[in-house]
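Breakdown of the fold
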Amino acid sequence: MSGAGGDTGTVVGAIEAGGTKFVVAVGSGPGGRLLAREQFATGDDPAALLRRVIEWLAAAGEKHGPLAALGVASFGPVDLDPTSSTYGFITTTPKPGWADADILGPLRRAFPGLPIGFDTDVNGAALGERVWGAARGLEDFVYVTAGTGIGGGGMARGRLLHGLVHPEMGHIPMPVLDGDPFPGVCPYHGRCWEGLCSGPAIARRAGRPAETLEPDHPAWAITIRYLAHALATLTCVLSPRRIVLGGSVRKGGRLGEEAFFHRLRDHVRDVLAGYVASPALSAAGIAEFIVPPDLGDDAGVCGAIALAQHALRPPAV
Ligand code: ZN
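All values reported here derive from a predicted model rather than from experimental measurement.

Right, let's get into the coordination of the zinc ion. Four donors placed tetrahedrally around a metal ideally meet at 109.5 degrees, and six donors placed octahedrally ideally meet at 90 or 180 degrees. The protein atoms that coordinate the zinc ion are His 171 (ND1), Cys 186 (SG), His 189 (ND1) and Cys 192 (SG), at distances of 2.1 to 2.4 Å. For the zinc ion, the four donor atoms are set out with angles of 103 to 120° between them, so the coordination reads as tetrahedral. Here the donor residues of the zinc ion are spaced in sequence according to H-x14-C-x2-H-x2-C. Of this pair, His 171 sits in the loop between strand S8 (159-160) and helix H4 (193-197) while Cys 192 sits in the loop between S8 and H4, placing them 21 residues apart in sequence. A relative accessible area of 1% means that Cys 192 is categorised as buried.

Bringing the domain arrangement of the chain into the picture now. Under the domain assignment used here, the chain contains domain 1 (12-121 + 297-311) and domain 2 (134-292). A separation of 28 Å is found between the C-alpha centroids of domain 1 and domain 2. Of the residues lining the interface, nine residues belong to domain 1; the matching set on domain 2 comes to seven residues. The interface formed by domain 1 and domain 2 holds zero salt bridges in total. Counting residues per element, the ones that place at least two in the side of domain 1 that touches domain 2 are strand S5 (116-120) and helix H8 (299-312). The residue inventory of the side of domain 1 that touches domain 2, partitioned by class, reads four nonpolar, three polar and two charged.

So, about the layout of surface pockets. Estimated volume of the largest pocket: approximately 1800 Å³. Considering the residues around the largest pocket, the lining is formed by 48 residues, among which Phe 75, Asp 121, Thr 145, Thr 148 and Gly 149 are closest to the centre. Put simply, the parts of the chain that give the lining of the largest pocket at least two residues each are strand S1 (12-17), strand S2 (21-27), helix H3 (121-132), strand S6 (141-146), strand S7 (150-156) and H8. For the lining of the largest pocket, the residue count by class is 15 nonpolar, 22 polar and eleven charged. Two domains each donate at least three residues to the lining of the largest pocket, and these are domain 1 (12-121 + 297-311) and domain 2 (134-292).

Here helix H6 (residues 218-238) crosses helix H7 (residues 257-272) at 55°, and the two axes come no closer than 8 Å. In terms of axis orientation, H6 runs oblique to H7. H6 and H7 meet at a crossing whose hand is right-handed. Contact with H6, carried on its side by Trp 220, Ile 224, Arg 225, Leu 227, Ala 228, His 229, Leu 231, Ala 232, Thr 235 and Cys 236, involves Phe 260, Arg 263, Leu 264, His 267, Val 268, Val 271 and Leu 272 of H7 and no other residues of that element.

The next point concerns the sheet that holds strand S10 (residues 290-291). In spatial order, the strands read S8-S7-S6-S9-S10; together these five strands make up an open sheet with mixed pairing. Because the sheet does not close on itself, it has two edges, and the strands there are S8 and S10. Packed on one face of the sheet, H3 meets S6, S7, S8 and strand S9 (243-246) and runs near 50° to S7.

Taken as a whole and assessed by the stated rule, the structure comprises seven salt bridges. One salt bridge in this structure joins Asp 178 and Arg 225, with 2.7 Å as the shortest N-O distance. Taken together, the residues span a long stretch of sequence, with Asp 178 in the loop between S8 and H4 and Arg 225 in helix H6 at a distance of 47 residues. Note on Asp 178: relative accessible area 64%, which makes it exposed. Note on Arg 225: relative accessible area 28%, which makes it partly exposed. Where Arg 205 meets Asp 180, a salt bridge forms, and the shortest distance between an N and an O atom there is 2.8 Å. With Arg 205 in helix H5 (residues 199-206) and Asp 180 in the loop between S8 and H4, this pair connects stretches of sequence that are 25 residues apart.

In a soluble, globular protein the nonpolar side chains are often hidden away together inside. Trp 193, Leu 231, Phe 260, Leu 264, Val 268 and Ile 290 are the most contacted members of the largest nonpolar core, which totals 42 residues. With eleven residues, the top contributor of residues to this core is H6. In contact with Val 268, not counting residues within four places along its chain, are Ala 228, Leu 231, Ile 286 and Ile 290.

The next thing to look at is H5. Residues of H5 that are buried include every one of Gly 199, Ala 201, Ile 202 and Ala 206, and no others. One face of H5 carries all of its buried residues, which in axial projection span an arc of 165°. Against the buried residues of H5 lie H4 and H6.

Parameters at a glance
Residue numbers restart at each chain and count upward from 1, following the sequence in its written direction. Selection of residues for local features in this predicted model requires a pLDDT of at least 70, selection of side-chain atom pairs for listing and counting requires 80 or more, and totals for whole chains, interfaces and linings are taken over all residues. By convention in this description, side-chain values take in all heavy atoms of the structure and omit both hydrogens and water. Donor atoms: N, O and S within 2.8 Å of the metal, or within 3.2 Å for Na, K and Ca. Because water is excluded, sites can look incomplete. Every angle between 85 and 135 degrees makes a four-donor site tetrahedral, while opposite donors more than 155 degrees apart, with all other angles between 65 and 115, make a four-donor site square planar and a six-donor site octahedral; other sites are irregular. Numbering of helices and strands runs from the N terminus; a helix is a DSSP stretch of H or I covering at least four residues, while a strand is a stretch of E covering at least two. In this scheme, a residue with accessible area under 20% of its type's maximum is buried, one over 50% is exposed, and one in between is partly exposed, where area comes from a 1.4 Å probe on protein chains only. Each domain's extent is set by a domain assignment, obtained either automatically or from a database. By definition, residues are in contact when any of their heavy atoms lie within 4.5 Å. Every case where a carboxyl oxygen of Asp or Glu lies within 4 Å of a side-chain nitrogen of Lys or Arg is listed as a salt bridge. Residue polarity follows a fixed list, in which Ala, Val, Leu, Ile, Met, Phe, Trp, Tyr, Cys and Pro are nonpolar, Asp, Glu, Lys and Arg are charged, and the others, Gly among them, are polar. A cavity here means a set of 1 Å grid points, computed over protein atoms only, where a 1.4 Å probe fits but cannot escape. A pocket is an open set with protein on both sides within 12 Å along at least 5 of 7 lines, and lining residues have an atom within 4 Å of a point. Grid points are joined across faces, edges and corners, and a volume is the space filled by probe spheres set on the points. Lines fitted to C-alpha atoms define the axes, with helix axes restricted to the stretch in contact, and inter-axis angles between N-to-C directions lie between 0 and 180 degrees. By definition in this entry, angles of less than 35 degrees are roughly parallel, angles greater than 145 are roughly antiparallel, angles of 65 to 115 are roughly perpendicular, and the rest are oblique. Each crossing gets its hand from how the near helix is turned against the far one by less than a right angle, where anticlockwise is left-handed and clockwise is right-handed. Any two strands with at least two DSSP bridges between them are considered paired. Take the buried residues of types Ala, Val, Leu, Ile, Met, Phe, Trp, Tyr and Cys, join any two whose side-chain atoms come within 4.5 Å, and each joined set is a nonpolar core. Working note: the arc is built from the helix axis to C-beta atom directions.

This is the structure we're talking about:
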């Protein structure tokens, strides 16, 4: 483990709050250091779901604990302003039952005095990759997931990216390539990054799911070019030392992950046109600049564990 505070041996609780399921766990890190885990369908009744989550965590804490902290990595948008009256709430989601849902309040009442780290799912995954995965030791990096939707988080100078609210990288505006008539699928913007490059966007463009498309299907080529524009934008704006690209789209379906990343890296270099001066963006260096995640399917729950550990030792990361 690095000096980032990843492996304390201390047992913490973790909640990966997703739009389709909540994964709950106790442990101290990935793999064998996850002592127990359970999952619950998200459904449309937040209060009822949180009661079940709290019961499970209390029982698991008695068996494996005691719990030193709790981490929550949540789908969003969420309110991350500790001075706000709705801190720890989901805010504007169209998901039935979840708009203005209080996630943090019931947990605080159930576990009084327990430190609770609360952040977006992507910042949680970013922190997990920083502690155990593909961004180990880096103070400036971006983590992006492209799947059902697109979201991004990361760190600048060793601090998780927050601000006005939290980054909404998936909704950055995009150029129109080659007169592309595809209107995009984002209900807010149409042709934002998520509207053009999410799994549903690829499926809508091609008329069938991304994983069924032949490797030379034109939908792959144009999607990868759009992805390259977005990653070039992030490179110019945030100057990350690495971009970790997770989610299902990057697996590339029948094209395969290796070919997908190879093409994506080439296009990012094309878009940047040699202007950003760093060996990381050279033909040889870019393979270490744009990378897949290390934590795989455990990224979300490991991110929540990392948020819990972060809450115990805020100056460490
Ligand atoms: Zn959008």
